[in-house]
Amino acid sequence: MDKKLINRLFEMQDLKYRNFSHSLMPTVDKEKVIGVRTPALRKLAKEFSKDERSKNFMSSLPHVYYEENNLHAFLIEQITDFETAVLETDRFLPYVDNWATCDCMSPKAFKKDLDRLLTKIDQWLSSSHTYTVRYGICTLMRYYLDSRFSPDFLKKVAEIRSDEYYVKMMIAWYFATALAKQYDATLPYISEKKLDKWTHNKAIQKAIESYRVTDEHKAYLKTLKIK
């Protein structure tokens, strides 16, 4: 553990934010949440990435604190080389233990080779680790629902079977976002009820809450809820 870094994190502590953050992450022990706001952590990551100590920090897994994990994620975001970014993401994912750390990590280097990234996403989707699977779905949602979209991606996500709440929630979020961006291709997965009941209804709920889905589409989606 880098005691100097931990002291720095505690100097940035916001106790009200700590309580708020923990309330959103029931899987994380409150004692492991310091309470550092995300913009401050991102700023620290930019600074710390230039420090030789960052290499030791990234090789010292697992970390103790939630903020250490988020800092690690933001350090990966600083990596400019595609292969290195993927390698470091692969090394870190098994230690991710909450949805917030999982969802916050978005290395810009991934955009350099979206074709090769798809191969890696397939590996993440087949993982037995909850947050690795969630990260794979999140990455598909982030990069492949616009110009790089293919109906095959909808099938990949729909075929994932998991009882894990944080996987099912991400599947629902993915399909809600797909309904906003690729409505015609996505609708059959809802109208033909290809998802489990909970995920199906949650996807509809999320889509109805989205400002990106038209009122006409929302009205129809409401009729597709499973009672």
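Residues numbered from 1 in each chain as written. Predicted model: local features only at pLDDT ≥ 70, side-chain atom pairs only at ≥ 80, totals over all residues. Heavy atoms only, no water.

Peer 1: Lay out the overall build of the protein with the relevant residues and their values.
Peer 2: Per the secondary structure count, the protein includes 14 helices and 0 strands. If you list the helices and strands of the protein from N to C, you get α-α-α-α-α-α-α-α-α-α-α-α-α-α. Taken over the C-alpha trace, the protein has a radius of gyration of 19 Å; the compact-globule value for 227 residues is 17 Å, and the two agree within 12%. The dimensions of the protein, computed from C-alpha atoms along their principal axes, are 55 × 40 × 30 Å. When contacts within the protein are restricted to residue pairs at least 6 apart in sequence, those whose partners lie at least 24 apart make up 67%. (Helix = DSSP H or I, 4+ residues; strand = E, 2+ residues; numbered from the N terminus. Rg over C-alpha atoms; globule rule 2.2 N^0.38 Å. Contact = heavy atoms within 4.5 Å.)

Peer 1: Now, about the nonpolar core: what can you tell me, with residues and values included?
Peer 2: Among the nonpolar cores identified, the biggest contains 73 residues, and Leu-71, Phe-110, Leu-117, Ile-137, Tyr-174, Phe-175 and Leu-221 are the most heavily contacted of them. Among the elements that line this core, the one with the most residues is helix α11 (residues 165-181), at 10 residues. The contacts of Leu-117, once residues within four sequence positions are left out, are Phe-82, Phe-110, Trp-124, Thr-139, Tyr-143 and Tyr-144. By size, the runner-up hydrophobic cluster in this structure holds 5 residues, among which are Met-25, Val-28, Val-33 and Tyr-66. (Core = buried A, V, L, I, M, F, W, Y, C linked by side-chain atoms within 4.5 Å. Buried < 20%, exposed > 50% of the residue type's maximum accessible area, 1.4 Å probe, protein only.)

Peer 1: Got a sec to walk through the pattern of salt bridges? Specific residues and values, please.
Peer 2: Side-chain pairing between opposite charges can occur once the charged atoms of the two side chains come close. As enumerated under the stated definition, the model contains 18 salt bridges in all. Where Arg-53 meets Asp-51, a salt bridge forms, and the shortest distance between an N and an O atom there is 3.1 Å. Residue classification places Asp-51 among the partly exposed positions, given a relative accessible area of 28%. (Salt bridge = Lys/Arg side-chain N within 4 Å of Asp/Glu carboxyl O.)

Peer 1: How would you summarise the side chain of His-72 if you had to cite specific residues and measurements?
Peer 2: Within the secondary structure, His-72 sits in helix α5 (residues 66-77). Non-local contacts of His-72, meaning those with residues more than four positions away in its chain, are made with Phe-57, Met-58, Leu-61, His-63 and Phe-92.

Peer 1: Hey, could you go over a positive patch on the surface for me, with residue numbers and the actual values?
Peer 2: Among the surface-exposed residues, Lys-46, Lys-50, Lys-108 and Lys-111 lie close enough to one another that they form a single positively charged patch. Locating Lys-111 in the fold gives a position in the loop between α7 (99-104) and α8 (114-125). (Patch = residues over 30% accessible without salt bridge, like charges linked within 9 Å, V, L, I, M, F, W, Y side chains within 5 Å. Areas by Shrake-Rupley, 256 points an atom, 1.4 Å probe, with all protein chains shown as cover. Lys, Arg positive; Asp, Glu negative; His and termini not counted. Charge placed at Lys NZ, Arg CZ, Asp CG, Glu CD.)

Peer 1: If you had to explain the side chain of Thr-186 to someone new, which residues and values would you point to?
Peer 2: Along the chain, the position of Thr-186 falls in helix α12 (residues 183-191). A polar contact is formed between the side chain of Thr-186 and the backbone oxygen of Gln-182, at a distance of 2.7 Å. Residues within four places of Thr-186 in sequence aside, it is in contact with Leu-154, Phe-175, Ala-178 and Leu-179. (Polar contact = N/O pair within 3.5 Å; in protein donor to acceptor, adjacent residues only side chain to side chain.)

Peer 1: Provide a residue-level description of the packing of helix α6 (residues 82-92) against α8, including the pertinent values.
Peer 2: Two elements in contact, α6 and α8, have axes separated by 12 Å at closest approach and are oriented at 5°. One finds that α6 runs roughly parallel with respect to α8. For the pair α6 and α8, the contacting residues are Phe-82, Glu-83, Val-86, Thr-89 and Asp-90 in the first and Arg-116, Leu-117, Lys-120 and Trp-124 in the second. Class assignment for the residues of the contact of α6 with α8 results in 4 nonpolar, 1 polar and 4 charged. (Axes fitted to C-alpha atoms, helices over the stretch in contact; angles between N-to-C directions. Parallel < 35°, antiparallel > 145°, perpendicular 65-115°, else oblique. Nonpolar A, V, L, I, M, F, W, Y, C, P; charged D, E, K, R; others polar.)

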